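Chain by chain, the residues:
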Amino acid sequence: MEVPLHQNQRVPSDMVFLRTSEKAGSCFIRTDQLDGETDWKLKVAVSCTQRLPALGDLFSINAYVYAQKPQLDIHSFEGTFTREDSDPPIHESLSIENTLWAGTVVASGTVIGVVIYTGKETRSVMNTSNPKSKAGLLDLELNQLTKALFLALVALSVVMVTLQGFVGPWYRNLLRFLLLFSYIIPISLRVNLDMGKAAYGWMIMRDESIPGTVVRTSTIPEELGRLVYLLTDKTGTLTQNEMVFKRLHLGTVSYGPDTMDEIQNHVVDSYSQTHSQAGGNTTSSTPPRKAQSSAPKVRKSVSSRVHEAVKAVALCHNVTPVYESRAGAATDAEFAEVDQDFSDENRTYQASSPDEVALVQWTESVGLTLVNRDLTSMQLRTPSGQVLTYCLLQTFPFTSESKRMGVIVRDESTAEITFYMKGADTAMSTIVQYNDWLEEECGNMAREGLRTLVVAKKALTEEQYQDFESRYNQARLSLHDRALKVAAVVESLEREMELLCLTGVEDQLQAGVRPTLEMLRNAGIKIWMLTGDKLETATCIAKSSHLVSRTQDTHIFRPVTSRGEAHLELNAFRRKHDCALVISGDSLEVCLKYYEHEFMELACQCPAVVCCRCSPTQKARIVSLLRQHTGRRTCAIGDGGNDVSMIQAADCGIGIEGKEGRQASLAADFSITQFRHVGRLLVVHGRSSYKRSAALGQFVMHRGLIISTMQAVFSSVFYFASVPLYQGFLMVGYATVYTMFPVFSLVLDEDVRPDTAMLYPELYKDLTKGRSLSFKTFLVWVLISVYQGGILMYGALVLFESEFVHVVAISFTALILTELLMVALTVRTWHWLMVVAQFLSLGCYVASLAFLNEYFDVAFITTVTFVWKVSAITVVSCLPLYTLKFLRRKLSPPSYSKLTS
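So, here's what we can say about the structure. (Residues numbered from 1 in each chain as written. Predicted model: local features only at pLDDT ≥ 70, side-chain atom pairs only at ≥ 80, totals over all residues. Heavy atoms only, no water.)

## Brief notes about the environment of Y726
With respect to the element layout, Y726 can be found in the loop between α23 (677-717) and α24 (729-735). Between the alpha carbons of Y726 and L388 there is a distance of 99 Å; along the sequence they are 338 residues apart. With residues near it in sequence (within four places) discarded, Y726 still touches I707, M710, M731, V808, S811, F812 and L815. Side chain to side chain, Y726 and S811 meet in a polar contact 2.7 Å long. (Helix = DSSP H or I, 4+ residues; strand = E, 2+ residues; numbered from the N terminus. Contact = heavy atoms within 4.5 Å. Polar contact = N/O pair within 3.5 Å; in protein donor to acceptor, adjacent residues only side chain to side chain.)

## Topic: helix α20 (residues 616-630)
Over its 15 residues, α20 runs 22 Å from end to end, which matches the ideal 21 Å to within 8%, given 1.5 Å per residue. Regarding α20, the residues found buried are P616, Q618, K619, A620, I622, V623, L625 and L626. G631 occupies a position one or two residues after α20 and carries a positive phi of about 70°. (Expected span 1.5 Å × (residues − 1). Buried < 20%, exposed > 50% of the residue type's maximum accessible area, 1.4 Å probe, protein only.)

## Some thoughts on the sheet that holds strand β29 (residues 652-656)
Taken in spatial order, the 9 strands line up as β11-β30-β29-β28-β12-β24-β27-β26-β25 in an open sheet, and their pairing is mixed. Since the sheet does not close on itself, it has two edges, and those belong to β11 (214-215) and β25 (553-556), each with one partner. Pairing of β29 with strand β30 (residues 670-672), which is carried by 3 bridges, proceeds in the parallel orientation. In the strand pairing of β30, I654 is matched with F670. Strands in contact with α23 are β12 (227-232), β28 (633-638), β29 and β30; relative to β30, the strand with the most contacts, it is inclined by about 140°. (Pairing = 2+ DSSP bridges. Axes fitted to C-alpha atoms, helices over the stretch in contact; angles between N-to-C directions.)

## Some details on the packing of aromatic side chains
What the rule picks out here adds up to 22 aromatic pairs. Each ring, one from F396 and one from Y472, has its centre 5.6 Å from the other, and the planes form 85°; the classification is edge-to-face. Of the two residues, F396 sits in strand β19 (residues 387-396) while Y472 sits in helix α14 (residues 462-477), which places them 76 residues apart along the sequence. Its relative accessible area of 6% is what places F396 among the buried residues. Arranged with centres 5.5 Å apart and planes meeting at 70°, the rings of F699 and W781 form a pair that is edge-to-face. Taken together, the positions of F699 in helix α23 and W781 in helix α28 (residues 775-799) put the pair 82 residues apart, joining distant regions of the chain. Given a relative accessible area of 0%, F699 falls into the buried group. Since its relative accessible area comes to 13%, W781 is described here as buried. (Phe/Tyr/Trp six-rings, centres within 6.5 Å; stacked < 30°, edge-to-face > 60°.)

## Brief notes about the sheet that holds strand β7 (residues 90-94)
On the basis of which strands lie adjacent, the open sheet formed by 3 strands has the order β5-β6-β7 and antiparallel pairing. Of all strands in the sheet, those bounded by a partner on one side alone are β5 (63-67) and β7. Each adjacent strand pair in this sheet contributes to an overall mean axis angle of 15°, direction not counted. As judged from the 5 bridges shared by strand β6 (residues 79-83) and β7, these two strands associate in the antiparallel manner. Directly across from T80, in β7, lies its bridge partner S93.

So far we have only geometry, and geometry alone does not tell us how the molecule works.
Structure (structure tokens):
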């Protein structure tokens, strides 16, 4: 099935690109929802169908496409296109540049493609995962404790029946005891916790310091306080994806943002000189030549060197200026051309890499403007308004192997042929003439976090070029090892090139990324960066964002393809200590295939890990492997459609509303507007949510245990009778009206002020050990409950006066007071609502005494005896605990109290 698509339309399924309206036979597409990169990718139409004279001829030819079976990898494709009705049949090989994947958007022209994969077989669907419901670690821990409580309940009931001596229908008594002690199981725990989580969510959304934050889940706010690994995307999450030209270095002179006007003056000077030299006679090429050759071979002036460098940057690229056609003028194509010509406001640049656009925009700002480009020529406009035309003889595109790109141009006015080349310093250092500054300056710029490109040129004579062209065309026609032969021919030119300049472009970081990463690192969180971008760029951003600190070494994992290579490389890496790891997606795949356990073990020891060229599935896989191997909590943060599977695989997913749409923020558990908000979200809200839930959970358990202890003491005193101590409304009121508000007010408690938590992120490290809620703290609470329950019941029995009614009144009142005092003991920072809750509950209880005649003897309650007996029991049950707490704060204070005092 063939599908026509216009500009800005989304590609509906995976297709092979057959034909386009663009003369070049290629078009740009935007892939931000597929790999998260906002630069445009150049795609090429199948030449056999692009060459057909008319669009209708597509339907009259007899051809078929062979495609490989559906795969996950979005960066590769193999297939063939065969046209059978020509003589001989035409076979064309198809690669990744002939494909349009579903989910991408056509950025230029109209395209026609033939569908190869649909539905679940498309690359974008194969790279997404099914969402699962997430359960927090705290919930799992509370589940364990509840199981322990259930065993305690059964054991207690069996003990009671045993002490009875299994008389009569003992199994009936067993069931009665199970029901009597059933308060041990904290049924209200779930309700309290869920209400608490809703409250935390509301507090996060109300926080003025992190505006625009949305909590999309009500189950895991406590997870934010237990994270050990943070996995982040790069483009759009750490960076703004806006490139700015920052530095031009000529070896002796360096120009920065504040000295760009000097460059502009040099460019203006050199063009006004050449203009006057040529004397208006642009056709004759002799005068400027003579002027050049007769000059003595001294070092060139700074002005001419600046001019050469700027011209090289303006010519050596893959950028196309595009003019929006104005309404009204667009009726007649010819007139539209004339009308829209070269107006600066109307021009936008299109390229497959934002770095290149930044370079061309910079040459425009210093006076040399790229105004037009097609397949064979380029036009530059000088500061004086003169338009120079250059004929494009050859273009050598950038590849990840060669790490450089080049063009051969002929200046129409002077007929000079020049070969310009720019590329990464690693590739270019061997190509340019000997110099003593390149390596050092590249290092300096990289430390500043700038992406560097080395620019060089070589003048060619007509004979040299003709010789090169014949060899080059011959190499391109060879059937075996074509790529190697072509590379060898191009390399024959790449010798002793004249080094012109070194450029530095900055990918601006999001606001506050450096301090946030610094803070997270101090909080003991290990940060991994998973990106779809190139290795150089990823390493550069890792350094500039201080993900890798300045003193740390980085170990770049060499590309490996086989088991043996992976083994050697892992051994080499094992010898390094405290060193950040940079690895590409392909090598990672090989390591995980053969040495999963060893690789994860080594990677987890690294202070930082950078994975580049990662597909969405790989990102999700790394997250799940981290969870399996370390058992620690992971958090993933991203902003594009390509981060969704990683966000869903992590224990806690954070989405950023970015330029790449809201797909990630809608799929995440928490949605924020800027990366720097992560710090406060984890260190302040994560901490308080976890601490509060831990206190709340244990208190609710204590509330059930204490009343069950009283019941047990009561039964054992009365010959193990399975008779309830408190009946009817007392039991209902105990768990609701009388104690609900103070216990729930624990969700307002905070042990550390937010500004202290932000100032000392190191406090966060303690949380990951999970000491706020463990079997140890649980046992302490069980002992407290048993002690208090025993004191309350025995006290009441010792002091009771012949009437059973008084036991109930005294013990129940003392129980309520004890609960309220225990809440007060647990609270670390008082909030006015907590005080209100305490008095409200006490008021409710006192008011209800008047109505509960069937349980209480009102006459007795109002006597002094009642008051002193209740007070005595309460003091005995609570005073020792207050004393212990005071001593503990004095002798072994928690780490945070040292900061707050």
